[in-house]
Amino acid sequence: MLVGQKLGPFVIDKELGAGAMGAVYRGRYTKTGQLVAIKVMAPGLGGTNSNAAARFQREAEILKQLNHPNIVRILGISKSDNPRYYAMEYIQGESLDHVMARRGRMSWEEVVALGQQLCAALQHAHEQGIIHRDLKPSNLMVLPDGTLKLTDFGIAKDMDVTQL
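Figured I'd write up the structure that's included with this text.

Cut-off values and rules
Position labels on residues start from 1 in each chain and follow its written sequence. It should be noted that, the model being predicted, local features are given only for residues of pLDDT at least 70 and side-chain atom pairs only at 80 or more, the latter also being counted only at that level, while totals for whole chains, interfaces and linings use all residues. As a rule here, side-chain values cover all heavy atoms of the structure and leave hydrogens and water aside. Any pair of Phe, Tyr and Trp rings, taking the six-membered ring for Trp, is counted once the centres come within 6.5 Å. Such a pair is stacked with planes under 30 degrees apart, edge-to-face with planes over 60 apart, and tilted for the rest. Starting at the N terminus, helices and strands are each numbered in turn, a helix being any DSSP run of H or I of at least four residues and a strand any DSSP run of E of at least two. Only protein chains enter the accessibility calculation, which uses a 1.4 Å probe. A residue is then buried if its area is under 20% of the maximum for its type, exposed if over 50%, and partly exposed in between. When a carboxyl oxygen of Asp or Glu is within 4 Å of a side-chain nitrogen of Lys or Arg, the pair counts as a salt bridge. Buried Ala, Val, Leu, Ile, Met, Phe, Trp, Tyr and Cys residues that are joined via side-chain atoms within 4.5 Å together make up what is termed a nonpolar core. A contact between two residues is defined here by any heavy atoms of the two lying within 4.5 Å.

Some points on the packing of aromatic side chains
The geometry of an aromatic ring pair comes down to the distance between the two centres and the angle between the two planes.
No. 1: What the rule picks out here adds up to three aromatic pairs.
No. 2: With centroids separated by 5.6 Å and ring planes inclined at 45 degrees, the aromatic side chains of phenylalanine 10 and tyrosine 29 adopt a geometry described as tilted. With phenylalanine 10 in strand β2 (residues 10-18) and tyrosine 29 in strand β3 (residues 22-29), the pair connects residues that are 19 residues apart, well separated along the chain.
No. 3: Classification of phenylalanine 10 as buried rests on a relative accessible area of 8%.
No. 4: According to the relative accessible area criterion, tyrosine 29 is partly exposed, its value standing at 23%.
No. 5: Residues phenylalanine 10 and tyrosine 85 carry aromatic rings whose centres are separated by 6.3 Å and whose planes lie at 90 degrees to one another, so their mutual orientation is edge-to-face. Taken together, the positions of phenylalanine 10 in strand β2 and tyrosine 85 in strand β6 (residues 85-89) put the pair 75 residues apart, joining distant regions of the chain.
No. 6: Linked through ring pairs, Phe10, Tyr29 and Tyr85 together constitute an aromatic cluster.

Okay, structure coming up:
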């Protein structure tokens, strides 16, 4: 748990979630106070599994190629391997799976609006040669204003790069 610690120019203040590859934290950029989401690779994973380290690095590199209002923006990548991390825009919203669990049915108008935004994000990614490969409600964040953000490019395929 990194809460209270500093990673590069960021101070970690809250864990947002964890998975097999590592954890995502909310932090603040010390120079501006801007909230960020920081994905940190699990300690020791990169040292024992070079494939995992390459995947983590590739995810950050893929996000660097994508600049679209419906795709989470990357803000920076660590230059150090201890720990490996990258910072993204902090999305103040909730995942679509949580929205659906909380609300139940959604109107067809809402579904169409979210679907159009998702299609725009996927089209942009595909135009850059990126295939997401992990579309599911938990990887779609919905902001309070109804904006959808596509996240988690951890298993995305970059058609211009040799497959790992």
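Some thoughts on the pattern of salt bridges
Pairing of side chains with opposite charge becomes possible as their charged atoms draw close.
No. 1: Following the criterion strictly, the structure yields nine salt bridges and no others.
No. 2: As a salt-bridge pair, glutamate 110 and arginine 103 come within 2.8 Å of each other at their nearest N and O atoms.
No. 3: On the basis of relative accessibility, which here comes to 27%, the residue glutamate 110 falls in the partly exposed class.
No. 4: Assessed through its relative accessible area of 37%, arginine 103 is described here as partly exposed.
No. 5: A salt bridge links aspartate 134 to lysine 136, with the nearest nitrogen and oxygen atoms 3.7 Å apart.
No. 6: Here aspartate 134 falls in the buried class, since its relative accessible area comes to 19%.
No. 7: Taking relative accessible area as the criterion, lysine 136 reaches 38% and is therefore assigned partly exposed.
No. 8: In this structure, a network of salt bridges that share partners links the residues Lys39, Glu59 and Asp152.

Quick look at the nonpolar core
No. 1: Ranked by internal contacts, the top residues of the largest apolar core, which has 31 residues, are Leu63, Leu150 and Phe153.
No. 2: At the level of elements, β4 (35-41), α2 (50-65), β6, α3 (96-103), α4 (108-127), β9 (140-142) and β10 (148-150) are the ones that each hand at least two residues to this core.
No. 3: No other element matches the six residues that α2 contributes to this core.
No. 4: Excluding residues that lie within four positions of it along the chain, leucine 63 makes contacts with Ile71, Val72, Ile74, Tyr86, Met88 and Phe153.
No. 5: Grouped together as the second largest cluster of nonpolar side chains are eleven residues, Leu7, Ile38, Val40 and Ala87 included.

Topic: the side chain of threonine 151
No. 1: Mapped onto the secondary structure, threonine 151 falls in the loop between β10 and β11 (157-158).
No. 2: Classification of threonine 151 as buried rests on a relative accessible area of 14%.
No. 3: In this view, threonine 151 contacts Val72, Ile91, His132, Asn139, Leu140 and Met141; residues no more than four positions away in its chain are not counted.

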